[in-house]
Amino acid sequence: MGFARFGKISYVSETKLQDFEKSLEAGKIMGTKCKKCGRLYFPPRVDCGCMKGEIEWVELGGDCRLKTFTTLHFAPASFRYEAPYTLGVAQFEEGPTVLAPLSKEIREDEIKIGMSLRLVPVELMGGRMIYELRLPESR
Amino acid sequence: MRNVAVIGVGQSKFARRPDASIREIAFEAFKEAVEDAQITREEIQASLVCSATHYDKQRTPAGIIAEYLGLNPQPTFNVEAVCASSGVGVRIGWSFINSGLHDIVAVVGFQKMTELSSAEVQEVMGRSGDVMWESPFGTTMPAYFALYAQSHMQKHGTTQEQMAKVAVKNHFYATKNPKAMFQEEITIEDVLKSRIIASPLKRYDCCANSDGAACLILASEDVAAKIADKPVWVAGLGLASSPMTLTGRDTSYDSFDCTVEAAKQAYRMAGVGPDDVDLAEVHDCFTITEILNYEDLGFCERGQGGKLVEEEQTYLGGKIPVNIDGGLLAKGHPVGATGASQIRTLVKQLRGEAGATQVEEAKVGLAHNLGGIGMYCAVTILKT
Ligand SMILES: CC(C)(COP(=O)(O)OP(=O)(O)OC[C@H]1O[C@@H](n2cnc3c(N)ncnc32)[C@H](O)[C@@H]1OP(=O)(O)O)[C@@H](O)C(=O)NCCC(=O)NCCS
Ligand SMILES: [Zn+2]
């Protein structure tokens, strides 16, 4: 439980953001929003930078545009069986950004800065939860 | 203001060093610096031991290194700002002296990386990204800088050939620096044909993992006036930070804000601008980083960095020679040693002792030392 199942491997298990993992399981990408100043956070955080706020969970639509990307052919030791894989930074329609893997279903020559993508929750074998960037038409 | 001078510099050979442990590598650099400064070790009043400590089995390495160098009972501690550790060490040393607390301080930067495999090193380094939201997807240092490269190419038309030219230049100058790791010239073709690490970066777009140490002896104005033939003055210091996460940053991904800020501070303090700099040592951990640095430091307009190197304006004899000791790409990047090594190169240049790569009449030198994914930046300006 908690946060230990988030990511392909996980370094942090204890956080106030435990509900994030549960939402992913329910197929939702959740950010947080400050009730005081209205600032929207993704990745979510429980403490608003305005220092006066109270945070609530809000669901993000998932639609985003690719800002930049790279395909890794050389991976850290624990990712050696994954390579090659592509990581990208995408900006949600709502404003915040996310760093996430691109689905292996997207061909490398299709990937272009500015393309529309959708961030989708994915359950991996062994019960790990991640999200990945897919073409908008594939859900 | 009490002025601070660099009165001694030393560096070990940068290479894979299966022949030596961290204390022994540090000793090589330290001995050279003490001899260069013409002081005795007893005159050193404090030591700052700079490294990214997570590569070492030795916890808190300042302990064993200060002992091995013979620097007890003087104060010593570790300074850690990943790749910018010794650039930050210089700032702390400066404050020790400027404040009147100490008169002579040793800054010792070191790193031994190659006891780990490259994949293990990247596992460690991947954790210099946010371990909650980024490292769990398999990030690496080359990948982070590749994200900037891709964006810079898209926005400004920077080409892989222009990036390759940075590697060609730095490998060329490394052949003139006996302390550099790589001693052979390479061609643009070699770079373009080398294997992809994180697209668009290929192996020769990356610095290699390396072992080595560099040491600086800093001294107050009074001491320097008494003992140094050619003191080189620390004229400007800048230190700044940027958010660690890419999602916390400005989304243009074509510039490092911490460089822009640190440079502004250092230029102001030194009373100079980019056009006054006679040569620079910049943090070329990857070819794209050197191009971004040209722009962030004001050596050219935003987007023109690729062109600057393509036209050989950063070669010796160009508008502003950059990394003519081989840079991180070819001299090697034992991360904790890099900032001090950059300053060693500048000091030799400003003293007129740089041999084959001497910049004529060099009076102002700039060192730019970046930590992590463009997260910490130390800029140091030296003057004769
Ligand atoms: C690029 C990289 C992944 C290559 O690693 P690798 O494939 O394991 O390479 P190896 O260690 O097996 O070395 C193989 C050969 O290539 C050479 N080599 C390795 N990396 C090199 C590089 N970046 N540039 C030039 N030569 C390199 C080695 O010296 C070795 O030569 P040899 O066979 O003559 O001894 C590795 O150098 C790397 O991780 N670099 C980035 C380091 C980094 O991120 N630093 C922090 C930056 S902020
Ligand atoms: Zn708020």
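As the structure is a computational prediction, the values presented were derived from the model and not from experiment. (Residues numbered from 1 in each chain as written. Chains lettered and ligands numbered in written order. Predicted model: local features only at pLDDT ≥ 70, side-chain atom pairs only at ≥ 80, totals over all residues. Heavy atoms only, no water.)

(A) Just the overall build of chain A, in detail. Secondary structure summary: chain A contains one helix and eight strands in total. Each of the three principal axes of chain A carries a C-alpha extent, and together these read 45 × 35 × 25 Å. By residue count, 47% of the 139 residues in chain A fall in the buried class. Working note: accessible area of chain A is about 7,100 Å², and carbon and sulfur atoms make up 47% of it. Each charge sign in chain A was given a centre, from 21 positive and 19 negative side chains, and these centres are 4 Å apart. (Helix = DSSP H or I, 4+ residues; strand = E, 2+ residues; numbered from the N terminus. Buried < 20%, exposed > 50% of the residue type's maximum accessible area, 1.4 Å probe, protein only. Areas by Shrake-Rupley, 256 points an atom, 1.4 Å probe, with all protein chains shown as cover. Lys, Arg positive; Asp, Glu negative; His and termini not counted. Charge placed at Lys NZ, Arg CZ, Asp CG, Glu CD.)

(B) Expanded view of the site of ligand 1. Looking at ligand 1, there are 20 residues lining it, with R16, S118, R195, R203 and C206 of chain B nearest. Each of chains A and B places residues near ligand 1. One of the side-chain nitrogen or oxygen atoms of S118 of chain B is found 2.7 Å away from an oxygen atom of ligand 1. In the environment of ligand 1, a nitrogen atom lies 2.8 Å from a nitrogen or oxygen atom belonging to the backbone of C206 of chain B. Relative to its free-state accessible area of 910 Å², ligand 1 is covered by the protein chains to the extent of 75%. (Near = heavy atom within 4 Å. Polar contact = N/O pair within 3.5 Å; in protein donor to acceptor, adjacent residues only side chain to side chain.)

(C) Main features of the side chain of T247 of chain B. Its location among the elements puts T247 of chain B in the loop between strand 8 (232-241) and helix 9 (257-270). Residues within four places of T247 of chain B in sequence aside, it is in contact with P43, T97, V98 and L99 of chain A together with E134 and Y253 of chain B. (Contact = heavy atoms within 4.5 Å.)

(D) Summary view of the sheet that holds strand 8 of chain B. Residues and elements named next belong to chain B. Across the sheet, which stays open at both edges, the nine strands sit in the order 3-2-4-7-1-8-11-10-9 with mixed pairing between neighbours. Taken across any chain shown, the strands that pair with only one partner, and hence form the sheet edges, are strand 3 (76-79) and strand 9 (279-281). The average undirected angle you get between the axes of adjacent strands in this sheet is 25°. In the sheet, strand 10 (residues 364-371) pairs with strand 11 (residues 376-383) via eight bridges, with the strands oriented antiparallel. What sits directly across from A367, in strand 11, is T380. (Pairing = 2+ DSSP bridges. Axes fitted to C-alpha atoms, helices over the stretch in contact; angles between N-to-C directions.)

(E) Structural view of unusual backbone geometry. For the bond running from A83 of chain A to P84 of chain A, omega is -5°, close enough to zero to count as cis. Among the structural elements, P84 of chain A can be located in the loop between strand 4 (63-72) and strand 5 (85-92). With an omega of 5°, the peptide bond running from N72 of chain B to P73 of chain B counts as cis. Tracing the chain through its elements places P73 of chain B in the loop between helix 2 (62-69) and strand 3. For Q38 of chain B, which is not a glycine, the phi torsion comes out positive at approximately 55°. Looking at the secondary structure, you find Q38 of chain B in the loop between helix 1 (22-37) and strand 2 (46-50). You can call Q38 of chain B exposed: its relative accessible area is 55%.

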